[in-house]
Amino acid sequence: MDQLSTELNIGDALSFVRTGHLVTMLENSLYRAKSTKLQCSKVLVPKELTTRVAQEALKLSLNEPCGLRGCIIYVILETNNKQTALDTMVYDCSVEPTFELKLVLKQDTQGWDYLRDLLANRTCFPQLFKSVIKLSPKFHISKQRLYFSVIGAGNEDC
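A brief structural summary.

The rules behind the values
- All chains use their own residue numbering, which begins from 1 and follows the written sequence.
- Per-residue local features are limited, in this predicted model, to residues with pLDDT of at least 70; the limit for side-chain atom pairs, both in listing and counting, is 80 or more; totals at the level of whole chains, interfaces and linings are taken over all residues.
- Hydrogens and waters are ignored; side-chain quantities use all the structure's heavy atoms.
- Strands are runs of DSSP state E lasting at least 2 residues, helices are runs of H or I lasting at least 4, and numbering of each runs from the N terminus.
- Buried means the residue's accessible area, taken with a 1.4 Å probe over protein chains only, is under 20% of the maximum for its type, while exposed means over 50%, and partly exposed covers the values in between.
- Contact between two residues is taken to exist if any of their heavy atoms lie within 4.5 Å; hydrogens are not considered.
- Exposure was quantified through the Shrake-Rupley algorithm and a 1.4 Å probe, taking into account, for residues, occlusion by the shown protein chains and nothing else.
- Whether two aromatic rings pair depends on their centres lying within 6.5 Å, for rings of Phe, Tyr and Trp, where Trp uses its six-membered ring; planes under 30 degrees apart make the pair stacked, over 60 edge-to-face, and the rest tilted.
- A ring is considered to have a charge above it if a Lys NZ or an Arg CZ atom is located within 6 Å of its centre and within 35 degrees of its normal.
- Only when DSSP finds a minimum of two bridges between them are two strands counted as paired.
- Fitted lines through C-alpha atoms serve as axes, helices being fitted only where they are in contact, and the angles separating the N-to-C directions of these axes extend from 0 to 180 degrees.
- In a helix, the anticipated span is given by 1.5 Å times the number of residues less one.
- Nine residue types can take part in a nonpolar core, namely buried Ala, Val, Leu, Ile, Met, Phe, Trp, Tyr and Cys, and a core is a set of them joined through side-chain atoms within 4.5 Å.

## Quick look at the overall build of the protein chain
- Helix and strand content of the protein chain: four helices and five strands.
- Buried residues in the protein chain amount to 34% of all 158 residues.
- Looking at the protein chain alone, contacts between residues at least 24 apart form 77% of all its contacts between residues at least 6 apart.
- Counting every atom, the protein chain has about 10,300 Å² of accessible surface; 54% of that belongs to carbon and sulfur.

Below, the structure is given as structure tokens:
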């Protein structure tokens, strides 16, 4: 029983570390996109959004031959039904990708435009508020395998 408990704790610890690493990768991706793709001064990210995305990506990787290490993630921002590619993240560059995730983050426009315009018109720094993008807590993530699964096939080297 102690060995089973230890294995569960190690699995939980690995999941925690992988989730944390993916959260950091996503936050860095958004930080880079802020000045390159989005041309804004700030990206407001709802609390726990990056953690929820990382946890969902981890769940989607559970039945993959190399797990999360074989993952490519395409980060996309949807604004008014228009999608903008922000980044392509590779979890582990030393592993041949076995699946890809398409992460669609959505811009939150409910009430924010009015508040942003109100603040911009009443301050000395109107451009600062006009160049802020607020993300919605909602996101969509889809998975596509990059291999054909054959029952009884050997494991890939990961």
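## Looking at the packing of aromatic side chains
- Evaluated as defined, the whole model comprises zero aromatic pairs.
- The lysine or arginine in question, Lys143, covers the ring of Phe99, its NZ or CZ lying 5.3 Å from the ring centre.

## Structural notes on the sheet that holds strand β3 (residues 82–90)
- With mixed pairing, the five strands of this open sheet are ordered in space as β1-β5-β4-β2-β3. If you trace the sheet from one side to the other, it starts and ends with β1 (42–44) and β3, each paired once. Neighbour-to-neighbour, the strand axes of this sheet turn through a mean angle of 35 degrees, independent of strand direction.
- Direction of pairing for strand β2 (residues 71–79) relative to β3: antiparallel, over a ladder of eight bridges. Paired with Leu77 across the bridge in β3 is Thr84.
- Running at roughly 0 degrees to strand β5 (residues 132–145), helix α2 (residues 49–61) makes contact with β4 (99–107) and β5 of the sheet.

## Observations concerning the pairing of β4
- When you tally the buried positions in β4, you get seven out of nine residues, the bulk of the element.
- For β2 and β4, the ladder comprises eight bridges, and the chain directions are parallel. Looking across to β4, one finds that Leu77 is bridged to Leu105.
- Looking at chain direction, β4 and β5 are connected through eight bridges and run antiparallel. Following the sheet pairing, Gln107 is matched in β5 by Leu135.

## Some details on the environment of Cys93
- Mapped onto the fold, Cys93 is located in the loop between β3 and β4.
- Along the backbone, Cys93 and Ile72 are 21 residues apart, and their C-alpha atoms lie at a distance of 9.4 Å.

## Focus on α2
- Taking 1.5 Å per residue as the helical rise, α2 with its 13 residues ought to reach 18 Å, and the 19 Å between its terminal C-alpha atoms agrees with that figure.
- By the burial criterion, the buried members of α2 are Leu49, Thr50, Val53, Ala54, Ala57, Leu58 and Ser61.

## Regarding the nonpolar core
- One finds Leu22, Leu38, Ile73, Val75, Leu103, Leu105 and Leu135 to be the most contacted residues of the largest nonpolar core, which totals 29 residues.
- Broken down by secondary-structure element, the contributors of at least two residues to this core are α1 (2–36), α2, β2, β3, β4 and β5.
- With six residues, the top contributor of residues to this core is α1.
- Not counting the four nearest positions on each side in its chain, Leu38 is found in contact with Ala33, Val43, Leu77, Leu86 and Ile133.

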